[in-house]
Amino acid sequence: MPSADRDAQVRAGVETDLTALTDLYNHYIRETPITFDTEPFSPERRRPWLLSHPQDGPHRLLVAQDPGGTLLGYATSSAFRPKAAYATSVETTVYCAPQAAGRGVGTLLYTALFAALADEDVHRAYAGIAQPNEASGRLHARFGFRHIGTYTEVGRKFGRYWDVAWYQKDLTWPDLI
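Attention here is on the structure that accompanies the text. (Residues numbered from 1 in each chain as written. Predicted model: local features only at pLDDT ≥ 70, side-chain atom pairs only at ≥ 80, totals over all residues. Heavy atoms only, no water.)

Next up on the list: the packing of helix α1 (residues 18-31) against helix α2 (residues 43-51). It is at 10 Å that the axes of α1 and α2 come closest, and there the two elements cross at 100°. Looking at the two axes, α1 sits roughly perpendicular to α2. In contact with L18, T19, L21, T22 and Y25 of α1, α2 contributes P43, R46, R47, W49 and L50. (Axes fitted to C-alpha atoms, helices over the stretch in contact; angles between N-to-C directions. Helix = DSSP H or I, 4+ residues; strand = E, 2+ residues; numbered from the N terminus. Parallel < 35°, antiparallel > 145°, perpendicular 65-115°, else oblique. Contact = heavy atoms within 4.5 Å.)

This is the structure in structure tokens:
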């Protein structure tokens, strides 16, 4: 597997990334079952999502770009559920630009994301992976995620039903009593 460009840079996503982030996500909406969104977004409709990921705290948006500034992909940690008791759980995801797939960009992004989360009050990370998606399953396994179950035929897109496999990663050690 070729590695990510050695000069690729990972940084926090910012407002000026919104159009490129929206274009990348819209590719996955239009072309794949990887996301269950079915209608492409405008940058303005995608703005609340971007703003829900500040540059610090447990809910992050990191982007990878090449030396010319082209977006290679992004990773997020987002609220798992809206109720307060879920605050120490996050849902993580990675999206790579089609031309960057298989080049180690997902690994680069997840390495940076989990390093950023190391000092946060986060106990578990979860990832839902539409099936089939062997590459994403391998990436998550490499980062210590383990399969905890599958929702079968949970989403309908492109005229068929898709399964979602759920993965979990422990981020803190339990307190010993």
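This part covers unusual backbone geometry. If a residue is not glycine, its phi is most likely negative; likewise, a peptide bond is most likely trans. Omega for the peptide link from Q131 to P132 comes to 0°, which places this bond in the cis form. Following the sequence through the fold, P132 ends up in the loop between β5 (124-130) and α4 (134-142). For E153, which is not a glycine, the phi torsion comes out positive at approximately 45°. Take E153: it is sitting in strand β6 (residues 146-157). Of note in this structure, F158 is not a glycine but carries a positive phi near 60°. Looking at where F158 falls in the secondary structure, it is placed in the loop between β6 and β7 (160-170). Owing to a relative accessible area of 47%, F158 belongs among the partly exposed residues under this scheme. (Buried < 20%, exposed > 50% of the residue type's maximum accessible area, 1.4 Å probe, protein only.)

What follows deals with the packing of aromatic side chains. By convention here, two paired aromatic rings are described through the distance between centres and the angle between planes. Taken as a whole and assessed by the stated rule, the structure comprises 13 aromatic pairs. An angle of 65° between the planes, with centres 5.2 Å apart, marks the rings of Y28 and Y95 as edge-to-face. Note that Y28 is positioned in helix α1 and Y95 in strand β4 (residues 89-96), a separation of 67 residues in sequence. Accessibility classification places Y28 together with Y95 in one group, the buried group. Note on F80 and Y86: the rings are 5.7 Å apart at their centroids and 65° apart in plane angle, and the pair reads as edge-to-face. Three or more aromatic residues joined by ring pairs form one cluster here, namely Y25, Y28, F41, W49, Y74 and Y95. A cation over a ring is seen here: R46 above F41, with NZ or CZ 5.2 Å from the ring centre. The residue whose ring lies beneath R160 is W162, and the NZ or CZ to ring-centre distance is 3.5 Å. (Phe/Tyr/Trp six-rings, centres within 6.5 Å; stacked < 30°, edge-to-face > 60°. Lys NZ or Arg CZ within 6 Å of the ring centre and 35° of its normal.)

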